[in-house]
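Architecture at a glance
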Amino acid sequence: MPTFASATVGARLWLLIEHSGPWPSHIDDGTLPEKISELVRRALDRGIRPQLIRRPGRRTRPQDQGIRVLLGYAIGDKPWLARGVVAGPDDLDLDALVAGVVPESCILEDEPVFLVCTHAKRNACCARIGLPLARGLADFLPDRVWETSHVGGDRYAANLVCLPHGIFYGSMSQAAALAAANAYRSGEVILDRFRGRAGIPEPLQAVEHFARAHTGECRLGGVAVESARSDGDVTEAIVRVGDVRFQVVVEPSVFQTPCGTACAETITTYRLVSLDRLTPVRYATPALT
């Protein structure tokens, strides 16, 4: 089953809230503790993606230490993560995050974090596959791995998200997750099981995937979509890979799942229509007379 071009489009800003208690099916249903519910509401009002997180294998934490949060700014080529402990919603300036500024109650992180979806009440597979993966990955990367609530794409369980860039992977095994995490820490992506970067329209995720597959470019900042336009279902983009530009054209394609209605009868993905290297434009300088 293809995984590319399936990262969550609406996740450009992240609010991760540590909560070791029960997770409801939908974290915005108002059943969480009052302060956490209010943080979730304020995040959603500002277009911020809220997630519940907890350490793999741990289910209790003293509640008198405040609410531990991580904020992710996953936009552009200089994303960042910040952490803080707040007494309540009024102590966290989410408008600063929207503006791309670290809130005064937080400090910048200098290491990435890795989220593994283990949200059983959304999909049992996420817990069945995600829980052991999160615990295994945490053995290699202690204090950098979190279980998290629903990230989107349950059919791709186990899902791994690498922050601050918002890099999504799906259908992960223990070995694949460790390889992806180590690659990310080195500033690279691995195309195997790569879902895309969150916050980018799905057709452009597909464009990036095909450009990377064609060139072998793995660096996080090695591929840039410079311009794009859509005509119906067809998307045409100009993509820069290093010093070379390509014209990439993609269109939707329906994939039939092997398990039928157990997951979904069909999945919409993208197929490559064309990929052409562009010849650099050379401007002639008129002779001086």
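Rules used throughout
- Residues numbered from 1 in each chain as written.
- Predicted model: local features only at pLDDT ≥ 70, side-chain atom pairs only at ≥ 80, totals over all residues.
- Heavy atoms only, no water.
- Helix = DSSP H or I, 4+ residues; strand = E, 2+ residues; numbered from the N terminus.
- Expected span 1.5 Å × (residues − 1).
- Buried < 20%, exposed > 50% of the residue type's maximum accessible area, 1.4 Å probe, protein only.
- Arc of directions from axis to C-beta.
- Contact = heavy atoms within 4.5 Å.
- Phe/Tyr/Trp six-rings, centres within 6.5 Å; stacked < 30°, edge-to-face > 60°.
- Lys NZ or Arg CZ within 6 Å of the ring centre and 35° of its normal.
- Pairing = 2+ DSSP bridges.
- Axes fitted to C-alpha atoms, helices over the stretch in contact; angles between N-to-C directions.

1. Observations regarding helix α1 (residues 34-45)
Over its twelve residues, α1 extends 16 Å from the first C-alpha to the last, a length consistent with the 16 Å expected when each residue adds 1.5 Å. Restricting attention to buried positions, one finds in α1 the residues Ile-36, Ser-37, Leu-39, Val-40 and Ala-43. Seen along its axis, α1 keeps its buried residues to an arc of 160°; they face one direction. Along α1, the residues that are exposed and aim more than 90 degrees away from the buried face are Glu-34 and Asp-45. The inward-facing, buried residues of α1 abut β1 (13-18), β2 (49-54), β3 (67-73) and α2 (94-98). Gly-47 sits one or two residues past α1 and shows a positive phi near 75°.

2. A few points about unusual backbone geometry
A cis amide bond, omega 0°, links Ala-157 with the succeeding residue Ala-158. Note on placement: Ala-158 falls in the loop between β7 (145-148) and β8 (160-163). The residue Ala-5 is not glycine, and still its phi comes out positive at about 60°. Mapping Ala-5 onto the fold places it in the segment before β1. One non-glycine residue, Arg-193, lies in positive phi territory at about 70°. As for its placement among the helices and strands, Arg-193 is situated in the loop between α4 (174-185) and β10 (194-197).

3. Details of the packing of aromatic side chains
Summed over the entire model, instances satisfying the criterion amount to five aromatic pairs. Ring geometry for Phe-4 versus Phe-210: centroids 5.3 Å apart, planes at 70°, classification edge-to-face. Placement of Phe-4 in the segment before β1 and of Phe-210 in helix α5 (residues 202-215) is noted, with a sequence separation of 206 residues between them. Comparing Phe-4 with Phe-210 shows no difference in burial state: the two are buried. Positioned above the aromatic ring of Trp-23 is the side chain of Arg-54, whose terminal nitrogen or guanidinium carbon lies 3.7 Å from the ring centre. Above the plane of the ring of Trp-146 lies Arg-55, whose end atom (NZ or CZ) is 3.6 Å from the centre.

4. Quick look at the sheet that holds β3
Pairing is mixed in the open sheet, where ten strands are placed in the order β5-β4-β3-β1-β2-β7-β6-β8-β9-β10. The sheet is open, and its two borders are formed by β5 (107-108) and β10, each paired with just one other strand. Inspection of the sheet shows strand β9 (residues 167-169) paired to β10 by three bridges, in the antiparallel sense. Directly across from Tyr-169, in β10, lies its bridge partner Phe-194. Where α1 meets the sheet, it contacts β1, β2 and β3, and its direction lies at approximately 175° from that of β1. Along the sheet, α4 contacts β6 (113-117), β8 and β9; its crossing angle with β8, the most-contacted strand, is approximately 15°.

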